[in-house]
Amino acid sequence: MEKKEKSFSSDFSLQQVPKSQQKSWLSLFSIWVAIGVDLAAVILGVQLAKGLPLHSAITAVLVGSLLLAAICTITASVGAATNLSTSMITRYVFGKKGALVYSAIIGCSLLGWFGVQVGFFATNAKTAFTSAFGLNWPVWVFAIIAGIAMVGTALYGYRAFSRLSEFSVPFLLVLMLIALFIALNTHGLPATQIKASLPMGSAIALVISSFIVGAATQPDISRWAKSQKDSIIGTFLGMFVGNSFMIIVSILMSKSLGSTDMMKMLIMIGMGVPGIIILSLTQWVTNTSNLYSATLGFNVIFNKIGFKKLTLILGTIATAMGVFGIYNYFVSFLNILGIVIAAVPGIYVAEFYLVKHEFKRLQLNVSPQSVVWRSIISWILGAGVTFLTTAAPTGLGLISLTSIPPLDGILVGFIVQFIGGKLVTAEVSAKDVQPTEVTNEVINGTRH
């Protein structure tokens, strides 16, 4: 019993998820749908509604979501095969010291976005409660409430927000379908469609770009899958449904009601209170996953601090950012971190499936290298290309490859890692390194 409690508190952040704790595809599906049904999808839907006629906007969403789901399914499969978090996987790709750099970058990025989302939620919640109940509470009150709820869920790791997702997804889908039905029944759709001012390629790129950096952290969730099959089904369907559903609903409601504010649209059709529920649940699950992955990243660096304690510390810091509005000054910096992260999933996918050198160490239970320089080079080149293809002011915008900068980084990282790996002929064997239990090496001295 004591062992189970300790494992629960650590959430297996520094070791492989044991077979007894692994989940079916439905658990992964619920989480990815819940993460996809968020305010960012609403904003994207409004943007597409303004720039494209209805049929073109929906086509862009479906095509973009299909491509995004395929990419995320591939990266998720590495987590399902190893049962390790993304930061632990990078120990075998970049080496122990190289992984510390990645963990710091992804941790800072996701922690920053947690603060941004808390502030974003608080601003929208103030509008919603003022409109629905006449409660003109200050923004910081809503930020504190949101932070407490999100940190509280993240404290209990995967199991907690998995259950939250399983509860919220059916509820959210039903509420949004009711809202859509009322909007279409009372206001209909405009008889004439606007002319396209947004190219179809750019629209598809927007849909993919909305979450593609999240492809890097897929293993944080997929490591809990019972099998590769469960990972593939849960991730692909969850990403496709989650990414496309809310965007399409947003497009249809925006076209019908002629508004660009989802909360105001829900109030227009008499769903102010359900709107508050929708707003709360969508941000709750999405932001909990941000803090969860941030903690997994930082836990590799601060491995002597328990998972729960680290979650509480990081969550308090990020919530304070949301309360005091500090996040407003970090968005540009967080976008730059996204450029740096973009190539990573392409690199670890190439290493795991095609090169395989470093992952033999995992199979043999031997220690990762200190630094894997060919992987570091792939990372630098991938990040460099992403920076060159990203429009100013975040990047330089000097060249264009796929028209989706994060995808450029993934592809460049994948190709360079594959070529570099094929140039290395040295084989890894148990004779090269003294066998060491991968889990014990990291976890000894760590409080669970």
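Residues numbered from 1 in each chain as written. Predicted model: local features only at pLDDT ≥ 70, side-chain atom pairs only at ≥ 80, totals over all residues. Heavy atoms only, no water.

Attention shifts here to the overall build of the chain. Within the chain, the secondary structure is distributed over 20 helices and zero strands. The C-alpha radius of gyration computed for the chain amounts to 22 Å, which stays within 12% of the reference 22 Å derived for 448 residues, consistent with globular compactness. When the backbone C-alpha atoms are referred to their principal axes, the chain occupies close to 75 × 50 × 40 Å. The proportion of buried residues among the 448 residues of the chain is 57%. For the chain, restricting intrachain contacts to residue pairs at least 6 apart in sequence, the fraction spanning at least 24 positions comes to 85%. (Helix = DSSP H or I, 4+ residues; strand = E, 2+ residues; numbered from the N terminus. Rg over C-alpha atoms; globule rule 2.2 N^0.38 Å. Buried < 20%, exposed > 50% of the residue type's maximum accessible area, 1.4 Å probe, protein only. Contact = heavy atoms within 4.5 Å.)

Another point: the environment of Pro53. The residue Pro53 is located in the loop between α3 (39–51) and α4 (54–82) in this model. A C-alpha to C-alpha distance of 18 Å links Pro53 and Ser65, two positions 12 residues apart in sequence. Not counting the four nearest positions on each side in its chain, Pro53 is found in contact with Gln193, Ile194, Lys195, Ala196 and Lys255.

Turning next to the packing of aromatic side chains. For the structure shown, the criterion picks out 17 aromatic pairs. With 6.1 Å between their ring centres and 20° between their planes, Phe167 and Phe171 make a pair best called stacked. In this pair, Phe167 and Phe171 both sit in helix α8 (residues 157–187), four residues apart, roughly one turn of the helix. The class of Phe167 is exposed, set by a relative accessible area of 53%. Among the aromatic residues, ring-to-ring pairing joins Phe12, Tyr158, Phe161, Trp224, Tyr292 and Phe307 into one connected group. (Phe/Tyr/Trp six-rings, centres within 6.5 Å; stacked < 30°, edge-to-face > 60°.)

Within the secondary structure, His357 sits in the loop between α16 (344–355) and α17 (359–363). Within the structure, the side chain of His357 is placed 3.3 Å from the backbone oxygen of Gly421, a separation counted as a polar contact. (Polar contact = N/O pair within 3.5 Å; in protein donor to acceptor, adjacent residues only side chain to side chain.)

Now for the nonpolar core. Within the largest apolar cluster, 70 residues are counted, with the highest numbers of intra-cluster contacts made by Leu48 and Met253. Each residue touching Leu48, except ones within four places of it in the same chain, is listed here: Ala57, Val61, Leu198, Ala203, Leu206, Val207, Ile247 and Ile251. Listed in part, the 53 residues of the second largest apolar core include Val78, Phe94, Leu310 and Trp379. (Core = buried A, V, L, I, M, F, W, Y, C linked by side-chain atoms within 4.5 Å.)

A word on the pattern of salt bridges. Going through the model one piece at a time under the given rule, you end up with five salt bridges. Two residues, Arg159 and Asp11, come together in a salt bridge whose shortest N-O distance is 2.7 Å. Within this pair, whereas Arg159 is found in helix α8, its partner Asp11 is found in the loop between α1 (2–10) and α2 (25–36), the two being separated by 148 residues in sequence. The pair formed by Arg159 and Asp11 is uniform in burial state, with each residue classed as buried. Residues participating in the shared-partner salt-bridge network are Glu351, Glu358, Arg361 and Arg374. (Salt bridge = Lys/Arg side-chain N within 4 Å of Asp/Glu carboxyl O.)

What follows deals with a nonpolar patch on the surface. On the surface, a nonpolar cluster with roughly 630 Å² of combined accessible area is contributed by Tyr353, Leu354, Leu411, Ile415, Phe418, Ile419 and Leu423. Counting residues per element, the ones that place at least two in the nonpolar patch are α16 and α19 (405–423). On the basis of relative accessibility, which here comes to 33%, the residue Phe418 falls in the partly exposed class. (Patch = residues over 30% accessible without salt bridge, like charges linked within 9 Å, V, L, I, M, F, W, Y side chains within 5 Å. Areas by Shrake-Rupley, 256 points an atom, 1.4 Å probe, with all protein chains shown as cover.)

On average, the chain scores 87 in pLDDT, and the residues at 70 or more come to 92%. Confidence drops under a pLDDT of 50 for residues 1–8, and excluding neighbours within four residues, the segment shows five contacts in the predicted structure. Every residue in residues 433–448 scores below 50 in pLDDT, and together they form 39 contacts with partners more than four places removed in sequence or on other chains. (pLDDT = per-residue confidence, 0-100.)

The next subject is the side chain of Thr153. Its place among the elements puts Thr153 in helix α7 (residues 139–154). A distance of 2.9 Å separates a polar atom in the side chain of Thr153 from the backbone oxygen of Ala149. The residues contacting Thr153, other than those within four sequence positions of it, are Ala160, Phe161, Leu164, Trp284 and Thr288.

Another point: unusual backbone geometry. A cis amide bond links Ala392 with the next residue in sequence, Pro393, at an omega value of 10°. The phi torsion at Asn83 lies on the positive side, around 60°, for a residue other than glycine. Relative to the assigned elements, Asn83 resides in the loop between α4 and α5 (86–93). Its relative accessible area of 13% is what places Asn83 among the buried residues.

For the pair α4 and helix α9 (residues 200–209), the least separation of the axes is 8 Å and the interaxial angle reads 45°. As far as their axial angle goes, α9 and α4 are oblique. Considering how the two elements wind past one another, α4 and α9 form a crossing that is right-handed. Taking contact as the criterion, the partners of Ser56, Thr59, Ala60, Val61, Val63, Gly64, Ser65, Leu67 and Leu68 in α4 are, on α9, Met200, Ala203, Ile204, Val207 and Ile208. Residue composition of the contact of α4 with α9, grouped by class: 10 nonpolar, four polar and no charged. (Axes fitted to C-alpha atoms, helices over the stretch in contact; angles between N-to-C directions. Parallel < 35°, antiparallel > 145°, perpendicular 65-115°, else oblique. Left-handed = near helix turned anticlockwise from the far one by under 90°. Nonpolar A, V, L, I, M, F, W, Y, C, P; charged D, E, K, R; others polar.)

Since the α-helix advances by 3.6 residues per turn, residues separated by three or four positions end up pointing in the same direction. Across its 16 residues, α7 extends 23 Å between first and last C-alpha, which sits within 8% of the 22 Å expected from 1.5 Å per residue. Within the span of α7, buried status applies to Val141, Phe142, Ala143, Ala146, Gly147, Met150, Val151, Thr153 and Ala154. Residues of α7 that are buried make contact with α6 (95–133), α8, α13 (272–301) and α14 (307–324). (Expected span 1.5 Å × (residues − 1).)

Here Leu312 is to be found in helix α14. Along the primary structure Leu312 and Val151 are separated by 161 residues, whereas in three dimensions their C-alpha atoms are 6.7 Å apart. Not counting chain neighbours up to four residues away, the residues in contact with Leu312 comprise Val151 and Leu155.

This paragraph deals with α14. Taking 1.5 Å as the rise per residue, α14 with 18 residues should run 26 Å; its terminal C-alpha atoms sit 26 Å apart, in good agreement. After α14 finishes, the residue Gly325 shows a positive phi value of roughly 75°.

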